[in-house]
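Observations on the model geometry
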Amino acid sequence: MNPGDDTVDRLAEIVRDSLDDPSRVFSLIKRMERDQTLSKLVFAIRHPLLYGSKFLGLLYVLMQFLLSALFLVVGLLLVVPSSEEEFQTVTYQFLDLLTQANVSGLRFLAFLVGLALLVMCVNSLANAGEVMQGLGVTEEG
């Protein structure tokens, strides 16, 4: 029997006891992320391909930054248009189902899509930050 088998069995027992309540699983994962050693385990579980390769991790982070910038620009164009013509042009490009008629609520729908894109921007930045922390590029503050 390997010395690590006992540790794995204890970890499996802790996880098994927490599976009944999703909030306990979430708090268990958050506590594991705060510990410096266990955070590497959580990162390896979440991103197994990125854990072993710094090149793939860097590529992933760059793509997340690119997506984040794209979401930010498109979201801002939809949320804060500079002119009515530009607003309609961008809206018609992204919402091609509404190109023909005067649809009531078009401005509100475009605002909601822009807001969703801004949330996606923040989410992709958080993913990039998590990978950078897991690769050891940055440290948790």
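Rules used in this analysis
Numbering of residues starts from 1 in each chain and follows the order in which that chain's sequence is written. This being a predicted model, a pLDDT of at least 70 is required before a residue's local features are given, and a value of 80 or more before pairs of side-chain atoms are given or counted; all residues contribute to the totals for chains, interfaces and linings. Based on all heavy atoms of the structure, the side-chain values leave hydrogens and waters out of the count. In predicted models, pLDDT denotes the confidence assigned by the predictor to each residue on a 0 to 100 scale. The helix count covers DSSP runs of H or I at least four residues long, the strand count covers runs of E at least two residues long, and both are numbered beginning at the N terminus. Pairing of aromatic rings covers Phe, Tyr and the six-membered ring of Trp, with a centre-to-centre limit of 6.5 Å; geometry is then stacked below 30 degrees between planes, edge-to-face above 60, and tilted otherwise. Think of it in three bands: with a 1.4 Å probe and only protein chains considered, a residue is buried below 20% of the maximum accessible area for its type, exposed above 50%, and partly exposed in between. The span expected for a helix works out to 1.5 Å for each residue beyond the first. Within this analysis, the arc is defined by the directions that extend from the helix axis to the C-beta atoms. Contacts between residues were defined by any pair of non-hydrogen atoms, one from each residue, lying within 4.5 Å.

This part takes up the confidence of the model for the chain. Model confidence for the chain is summarised by a mean pLDDT of 76, while 77% of its residues fall at 70 or above. When the elements of the chain are averaged for pLDDT, helix H6 (residues 84-94) gives the smallest value, 68, and helix H5 (residues 54-79) the largest, 84.

Taken as a whole and assessed by the stated rule, the structure comprises one aromatic pair. For the pair Phe43 and Tyr51, a centre-to-centre distance of 6.0 Å together with 55 degrees between the ring planes defines the contact as tilted. When its relative accessible area of 4% is taken as the criterion, Phe43 is described as buried.

Moving on, we come to the environment of Leu76. Looking at where Leu76 falls in the secondary structure, it is placed in helix H5. C-alpha of Leu76 to C-alpha of Phe111: the two residues are 35 residues apart in sequence and 9.2 Å apart in space.

Before going further, it helps to examine helix H2 (residues 22-34). Here H2 is 13 residues long and its end C-alpha atoms lie 19 Å apart, about the 18 Å a rise of 1.5 Å per residue gives. Leu28, Met32 and Glu33 are the residues of H2 that are buried. Relative to the axis of H2, the buried residues are bounded by an arc of 135 degrees and lie together on one face. The exposed set on the far side of H2, more than 90 degrees from its buried face, consists of Phe26, Arg31 and Arg34.

Moving on to the side chain of Gln64. Mapped onto the fold, Gln64 is located in helix H5. When its relative accessible area of 11% is taken as the criterion, Gln64 is described as buried. Beyond its immediate stretch of four places on either side in the chain, Gln64 contacts Ser124, Asn127 and Ala128.

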